[in-house]
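A look at the structure
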Amino acid sequence: MPLSAAPRPSTTSTTSTTSTTSATSASRSRLARLARLVPLLVVALPLATACGSGGSASPQQTGAVTAPPSGTPAGNPSSTPASTQPGILAVTTAGALVQVNPGTGSIGSTLVPSGVYGDEISVSPDHATVYYTQKSGCTLTVMSVSTSGGSPTPVAPGELPAISPDGTRLAFAQEPLIVQGCLPGGSNIASDFKLVIRTLGSGTQVTLPLPPQVISGGLFQPISHLSWAADSIHLAVSVSAVQDNEGWGVNIVDTSAAPYYSVPGPGVTVVPVTGSPTAQRSYLREGVFLPDGNLFVSRACCGGVPVHNTSRLMWEVTSAGVLVHQVAIGYPNLEHVSLAADPSGRWLLYLAGTDLYVSQDGNRPSKLASGFIAATWM
């Protein structure tokens with residue numbers, strides 16, 4: 001079957017993970033650059049020309065350019081009874097964790113009224129528990145709450161929780177919150193960036209840091225999204241820029257073997273960027289596993305300082321980066337994040353800015369609702 005979740009710092013270039021520089025002065029310089037970049041997150045960029053189609057970007061998203069398999073239903077959620085669709089959980093721009101009607105896009109019950117942080121929420125395989133991130137000041141905490149409501153429970157310091165398909169392990173990131181008012185001190189904070197794998201039954205944790213050569217250089221590669229493969233062993237780790245908006249990419253991490261979450265090496269492979277336009281300058285903004293082992297990715301072209309993206313492509317690719325199916329041509333001026341596939345692989349969703357889009361069987365996505373910073377299936 002061909003194809004069928006608060007925005008992180010935005011934009012730009014191909015996967016790049018290492019560089020060497022003076023640990024003290026260079027790290028402070030990078031933090032200063034990051035501080036200057038933070039305001040860009042809330043500034044709407046001019047609509048750019050869509051280089052993926054060779055023409056101007058449409059004011060609406062363009063549907064799949066490769067044909068879906070014969071006999072698959074149309075990808076308009078409103079044309080399919082809501083009972084046949086999985087449910088949707090989302091985080092509003094006001095920070096509330098809510099249920100969303102998958103047929104109408106209307107907001108139903110509220111599980112957590114405020115303080116929820118994006119861009120990732122995760123639902124246990126038995127649909128009983130939601131894992132999310134709670135923000136309090138400059139502190140981020142992974143929390144859990146029942147899908148039927150009740151009092152939330154702290155799990156561990158961190159963010160971006162992703163529960164494994166077998167329900168036994170929870171992956172999440174531990175890293176400083178780099179936003180205005182929360183910039184960390186110190187000359188080298190690279191050692192503070194970690195991927196944590198927690199066994200839920202025992203509470204034991206395995207921590208995968210950045211490699212020593214990256215830490216010693218004073219660089220850091222923030223995690224921006226996590227997604228488990230169906231085997232509950234491999235993890236797609238979407239990473240943000242290392243420095244100067246360079247370094248976006250998706251790493252496949254074998255959690256049974258990898259000592260680190262970044263840089264190609266034992267247990268870590270990087271999903272290459274292939275195809276057109278300009279594969280050498282394009283980058284993968286985010287990627288999530290599909291049940292068959294392929295990936296649903298947000299592919300952007302091209303980066304730089306100041307930001308100047310000219311296309312956003314929503315693709316299904318193999319783990320080797322080879323295009324299988326194009327789901328949509330997105331908006332060049334918007335981040336396309338919070339990607340999610342349901343366990344059947346038939347339903348996809350993602351956010352374009354704060355708009356929630358849904359695709360069935362790899363067909364053209366339809367806008368379902370607006371006003372969200374994270375979403376997932378339940």
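Residues numbered from 1 in each chain as written. Predicted model: local features only at pLDDT ≥ 70, side-chain atom pairs only at ≥ 80, totals over all residues. Heavy atoms only, no water.

1. A word on the overall build of the protein
Secondary structure summary: the protein contains 2 helices and 26 strands in total. Counting over 378 residues, the protein shows a buried share of 53%. When the accessible surface of the protein is totalled, it reaches about 14000 Å², and 55% of it is carbon and sulfur. (Helix = DSSP H or I, 4+ residues; strand = E, 2+ residues; numbered from the N terminus. Buried < 20%, exposed > 50% of the residue type's maximum accessible area, 1.4 Å probe, protein only. Areas by Shrake-Rupley, 256 points an atom, 1.4 Å probe, with all protein chains shown as cover.)

2. Topic: the pattern of salt bridges
Scanning the entire structure with this criterion turns up 4 salt bridges. Among the salt bridges present, the one from R312 reaches E335, with a minimum N-O distance of 3.2 Å. Residue R312 is located in strand 20 (residues 311-317), and its partner E335 is located in the loop between strand 21 (323-329) and strand 22 (336-341); the two are separated by 23 residues in the primary sequence. The pair R312 / E335 is uniform in exposure class, with both members buried. The partner of R346 in a salt bridge is D361, and the shortest N-O contact between them spans 2.7 Å. In this pair, R346 sits in the loop between strand 22 and strand 23 (347-352) while D361 sits in the loop between strand 24 (355-360) and strand 25 (366-370), placing the two residues 15 residues apart along the sequence. On the accessibility criterion, R346 (30% relative accessible area) is partly exposed. Classification of D361 by relative accessible area gives buried; the value is 4%. Connected via shared salt-bridge partners are R285, R312 and E335. (Salt bridge = Lys/Arg side-chain N within 4 Å of Asp/Glu carboxyl O.)

3. Examining the sheet that holds strand 22
Spatially, the 4 strands line up as an open sheet ordered 22-23-24-25, and their pairing is antiparallel. Looking at strand neighbours, the two that pair on one side only are strand 22 and strand 25, the edges of this open sheet. Geometrically, the sheet is characterised by an average inter-axis angle of 25° between neighbouring strands, direction not taken into account. Examined bridge by bridge, strand 24 and strand 25 share 4 bridges and lie antiparallel to one another. When the sheet's bridge partners are listed, Y357 is paired in strand 25 with K367. (Pairing = 2+ DSSP bridges. Axes fitted to C-alpha atoms, helices over the stretch in contact; angles between N-to-C directions.)

4. A short note on the environment of L295
With respect to the helices and strands, L295 occurs in strand 19 (residues 295-301). Setting aside chain neighbours within four positions, we find L295 in contact with A236, I252, V271, V288, F289, L290, W315, E316, V317, T318 and S319. (Contact = heavy atoms within 4.5 Å.)

5. Some remarks on the sheet that holds strand 11 (residues 169-174)
The sheet built from 4 strands is open, its strands ordered 10-11-12-13 with antiparallel pairing. Each edge of the open sheet is held by one strand with a lone partner, namely strand 10 (159-163) and strand 13 (205-209). On average, adjacent strands in this sheet sit at an angle of 20° to one another, irrespective of strand direction. Direction of pairing for strand 10 relative to strand 11: antiparallel, over a ladder of 3 bridges. Directly across from E159, in strand 11, lies its bridge partner A173.

6. Some thoughts on the state of the cysteines
Overall, the coordinates contain 2 disulfides when judged by the stated rule. One disulfide bridge connects C138 with C182, the sulfur atoms lying 2.0 Å from each other. Around the S-S axis, the bridge from C138 to C182 shows a dihedral of about -85° and counts as left-handed. Taken together, the residues span a long stretch of sequence, with C138 in the loop between strand 7 (129-136) and strand 8 (139-146) and C182 in the loop between strand 11 and strand 12 (194-199) at a distance of 44 residues. On the basis of relative accessible area, C138 is assigned to the partly exposed category, the value being 41%. Judged by relative accessible area, which is 14%, C182 ranks as buried. Each disulfide pairs two cysteine sulfurs, and for C301 the partner residue is C302, the sulfurs being separated by 2.0 Å. The exposure classification of C301 matches that of C302, with both residues buried. When the cysteines engaged in disulfides are numbered in sequence order, the protein pairs them as 1-2, 3-4. (Disulfide = S-S within 2.5 Å.)

Treat this as a map of the structure, not an account of what it does.
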